[in-house]
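Architecture and fold: a report
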Number of protein chains: 2
Amino acid sequence: TQQLLTGPATRPKPFRVANFNRSIKKGIMADGLRDLLNKLPDALHVSSVCSLVLEEDGTMVDTEEFFQTLDDNTVFVVLDKGQEWTPSDNGEYRL
Amino acid sequence: TQQLLTGPATRPKPFRVANFNRSIKKGIMADGLRDLLNKLPDALHVSSVCSLVLEEDGTMVDTEEFFQTLDDNTVFVVLDKGQEWTPSDNGEYRL
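Residues numbered from 1 in each chain as written. Chains lettered and ligands numbered in written order. Predicted model: local features only at pLDDT ≥ 70, side-chain atom pairs only at ≥ 80, totals over all residues. Heavy atoms only, no water.

**Some thoughts on the sheet that holds strand 4 (residues 75-79) of chain A**
All names here are of chain A. The cut-off we apply is this: Following DSSP output, two strands are said to pair if at least two bridges run between them. Strands here are runs of E lasting at least two residues and helices are runs of H or I lasting at least four, both read from the DSSP assignment and numbered beginning at the N terminus. Here the axes come from fitting lines to C-alpha atoms, over the contacting stretch only for helices, and the angles between their N-to-C directions go from 0 to 180 degrees. Two residues qualify as a contact provided that any one of their heavy atoms is within 4.5 Å of a heavy atom in the partner residue.
The mixed open sheet is built from 4 strands, whose spatial order is 2-1-4-3. The sheet terminates laterally at strand 2 (25-30) and strand 3 (51-54), the two strands that pair on one side only. In this sheet, adjacent strand axes meet at a mean angle of 40 degrees when their direction is disregarded. Here strand 3 runs beside strand 4; their pairing, made up of 4 bridges, is antiparallel. Across the sheet, Ser-51 pairs through a bridge with Leu-79, a residue of strand 4. Against the sheet, helix 2 (residues 33-44) engages strand 1 (13-18), strand 2, strand 3 and strand 4, with an angle of about 145 degrees to strand 2.

**A word on the side chain of Thr74(B)**
Residues and elements named next belong to chain B. Let me state the cut-off plainly: Counting of polar contacts relies on pairs of N or O atoms within 3.5 Å, with two restrictions inside protein: one atom must be capable of donating a hydrogen and the other of accepting it, and residues adjacent in sequence are counted only when both atoms are side-chain atoms.
Note on placement: Thr-74 falls in the loop between helix 3 (64-67) and strand 4 (75-79). A distance of 2.7 Å separates the side chain of Thr-74 from the backbone oxygen of Asp-71, its partner in a polar contact. Apart from residues no more than four positions distant in its own chain, Thr-74 is found in contact with Pro-14, Phe-15, Arg-16 and Leu-54.

**Focus on the packing of aromatic side chains**
All names here are of chain B. For clarity, the threshold we go by: Each aromatic pair joins two rings of Phe, Tyr and Trp (for Trp, the six-membered one) with centres within 6.5 Å, and gets the label stacked for planes under 30 degrees apart, edge-to-face for over 60, and tilted for any other angle. Buried means the residue's accessible area, taken with a 1.4 Å probe over protein chains only, is under 20% of the maximum for its type, while exposed means over 50%, and partly exposed covers the values in between.
This model, assessed by the stated rule, comprises 6 aromatic pairs over all chains. For the ring pair Phe-15 and Phe-76, a centre distance of 5.9 Å and an interplane angle of 55 degrees mean the geometry is tilted. Taken together, the residues span a long stretch of sequence, with Phe-15 in strand 1 (residues 13-18) and Phe-76 in strand 4 at a distance of 61 residues. As far as burial versus exposure is concerned, Phe-15 and Phe-76 are alike and both buried. Pairing Phe-67 with Phe-76 gives two aromatic rings, centres 5.9 Å apart and planes at 15 degrees, and the pair type is stacked. A relative accessible area of 1% means that Phe-67 is categorised as buried. Classification of Phe-76 as buried rests on a relative accessible area of 0%.

**Concerning the nonpolar core**
Residues and elements named next belong to chain B. Filter applied, for reference: Think of a nonpolar core as a cluster: buried Ala, Val, Leu, Ile, Met, Phe, Trp, Tyr and Cys residues, connected wherever their side-chain atoms sit within 4.5 Å.
With 18 residues, the main nonpolar core has Val-17, Leu-36 and Phe-76 as its most contacted residues. Broken down by secondary-structure element, the contributors of at least two residues to this core are strand 1, strand 2 (25-30), helix 2 (33-44), strand 3 (51-54), helix 3 and strand 4. Ranked by residues supplied to this core, first place goes to helix 2 with 5 residues. Apart from the residues lying within four places of it in its own chain, the contact partners of Leu-36 are Val-17, Ile-28, Ala-30, Leu-52, Phe-67 and Phe-76.

**Overview of the sheet that holds strand 4 of chain B**
All names here are of chain B. Strand order across the open sheet formed by 4 strands is 2-1-4-3, with mixed pairing between neighbours. Edge strands, defined here as strands with exactly one partner in the open sheet, are strand 2 and strand 3. On average, each strand axis in the sheet is inclined to that of its neighbour by 35 degrees, with strand direction left out of account. By the bridge criterion, 6 bridges tie strand 1 to strand 2 in an arrangement that is antiparallel. Bridging from a neighbouring strand, Lys-13 pairs with Ala-30 of strand 2. Sitting on the sheet, helix 2 touches strand 1, strand 2, strand 3 and strand 4, and the angle it makes with strand 2 is about 145 degrees.

Structure, rendered in structure tokens:
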């Protein structure tokens, strides 16, 4: 149980990260926030990443501690300076 | 347990892959991303595969690591250059 709770911090987990306009969304393995941030420029063809927010509600994730609580396949949106999260326009949230 | 977690990477798993306009969808066994990509041209009668995205949300899958985390019978859509994923038109996302 101890191992399940603390977990090996280095086990990579799957995440999904979209660029600002959602034209690219990629599955990326990362063992932490820093690892994910390092992989983003190449994966999404962005030159700089100002912040990482949750796709579902725009929550900014900027600590390893909070990042480690996220489920597998959590969806992020990458924001550059001056960009703000807006709800996805794919109809999922519109009934 | 160790074996369950890491798994034998070469055990083939079933996947479902559709062409761009969803006119063909096939069940294909593959032990990895490379194996699946190799089988796609013949299976779907496409000449080239630019990228493989998840049918559910358009997430691009381009690493073996991420591919190995996917469930059996995950549904993919094959995209050629210039094609972009759009939500399935089968009503699942439209109420």
